[in-house]
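What follows is the residue order along each chain.
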Amino acid sequence: MELTVYLAGQIHDNWRDQIYQIAKEKNLPLQFVAPQTNHDRSDQVGEDILGEQPGDVYKDDAASSVNNFRTQVLMNKSDVVIALFGEKYKQWNTAMDASAAITMNKPTIIVRPESLVHPLKELTNKANVTVETVEQALDVLAYIFE
């Protein structure tokens, strides 16, 4: 059995590379999908597909439509969602993706530091599992294969 895991969360550091490496070290049969991690491509995709927009609001709206479509398709095909909340960046997209996963009844693991316990209390209460590190998230997935 192989699981497809959607990795929701900010795209500004290498946390996904950490997950890939740990999963490989643990020899876990996991395939990963994620939001578009090329920030410029994500911001530009609406105009790349639909053409130049009449202003920044329209440009953002066009990109959002295409990005949300991509996220929905990949999340629908996923068996599990890991949503990482970090302390450094604003986490609006992560919160939206985690909420969508929970609404879709996708098994959801939220990774969040202790400092975000209070602001994320309702969301983590709805998730299946909440952990503090990506290592712990992968330990939860490894337990499936025991």
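Please refer to the structure higher up on the page.
Reading guide: rules and limits
- Residues numbered from 1 in each chain as written.
- Predicted model: local features only at pLDDT ≥ 70, side-chain atom pairs only at ≥ 80, totals over all residues.
- Heavy atoms only, no water.
- Axes fitted to C-alpha atoms, helices over the stretch in contact; angles between N-to-C directions.
- Helix = DSSP H or I, 4+ residues; strand = E, 2+ residues; numbered from the N terminus.
- Parallel < 35°, antiparallel > 145°, perpendicular 65-115°, else oblique.
- Contact = heavy atoms within 4.5 Å.
- Nonpolar A, V, L, I, M, F, W, Y, C, P; charged D, E, K, R; others polar.
- Core = buried A, V, L, I, M, F, W, Y, C linked by side-chain atoms within 4.5 Å.
- Buried < 20%, exposed > 50% of the residue type's maximum accessible area, 1.4 Å probe, protein only.
- Left-handed = near helix turned anticlockwise from the far one by under 90°.

Please clarify how the packing of helix H2 (residues 39-50) against helix H3 (residues 56-77) should be interpreted in this entry.
The description of two helices packed together rests on the angle between their axes and the distance between the axes. Relative to each other, H2 and H3 sit at 95°, their axes nearing to 7 Å. Judged by the inter-axis angle, H2 sits roughly perpendicular to H3. On the side of H2, the interface is formed by Ser42, Asp43, Gln44, Val45, Gly46, Glu47, Ile49 and Leu50, while H3 contributes Lys59, Ala62, Ala63, Val66 and Asn67. Here the residues of the contact of H2 with H3 sort into 6 nonpolar, 4 polar and 3 charged.

Please clarify how the nonpolar core should be interpreted in this entry.
Nonpolar side chains tend toward joint burial in soluble globular proteins. By size, the foremost hydrophobic cluster in this structure holds 22 residues, and its most contacted members are Val5, Leu7, Ile19, Leu30, Ile82, Leu138 and Leu141. Among the secondary structure elements, those contributing two or more residues to this core are strand E1 (3-9), helix H1 (15-25), strand E2 (30-33), strand E3 (80-84), strand E4 (108-111) and helix H6 (134-144). It is H6 that provides the largest number of residues to this core, a total of 5 residues. Within the second largest apolar cluster, 16 residues are counted, among which are Ala98, Leu116, Leu120 and Ala127.

I tried to follow the packing of H1 against H6 on my own but got confused; where do I start?
At a minimum axis separation of 10 Å, H1 and H6 run at an interaxial angle of 40°. Compared by their axis directions, H1 and H6 come out oblique. Classified by chirality, the crossing of H6 by H1 is right-handed. Taken together, the residues of H6 that come into contact with H1 (itself represented by Trp15, Gln18, Ile19, Ile22 and Ala23) are Val134, Glu135 and Leu138.

How do you make sense of unusual backbone geometry when you look at a structure like this?
With the exception of glycine, most residues fall at negative phi, and the peptide bonds are largely trans. With a phi angle near 55°, asparagine 27 is a residue other than glycine that sits in the positive phi range. With respect to the secondary-structure elements, asparagine 27 resides in the loop between H1 and E2. Since its relative accessible area comes to 67%, asparagine 27 is described here as exposed. Of note, asparagine 105 is a non-glycine position whose phi angle comes to about 60°, a positive value. Mapping asparagine 105 onto the fold places it in the loop between helix H4 (92-103) and E4.

Looking at this structure, I do not really get the environment of leucine 120. What am I missing?
Residue placement: leucine 120 occurs in the loop between E4 and helix H5 (121-126). On the basis of relative accessible area, leucine 120 is assigned to the buried category, the value being 10%. Here the alpha-carbon distance between leucine 120 and phenylalanine 85, two residues 35 residues apart in the chain, equals 9.1 Å. Setting aside residues no more than four positions away along its own chain, leucine 120 makes contact with Phe85 and Arg112.

The values reported here are purely geometric and, on their own, carry no functional implication.
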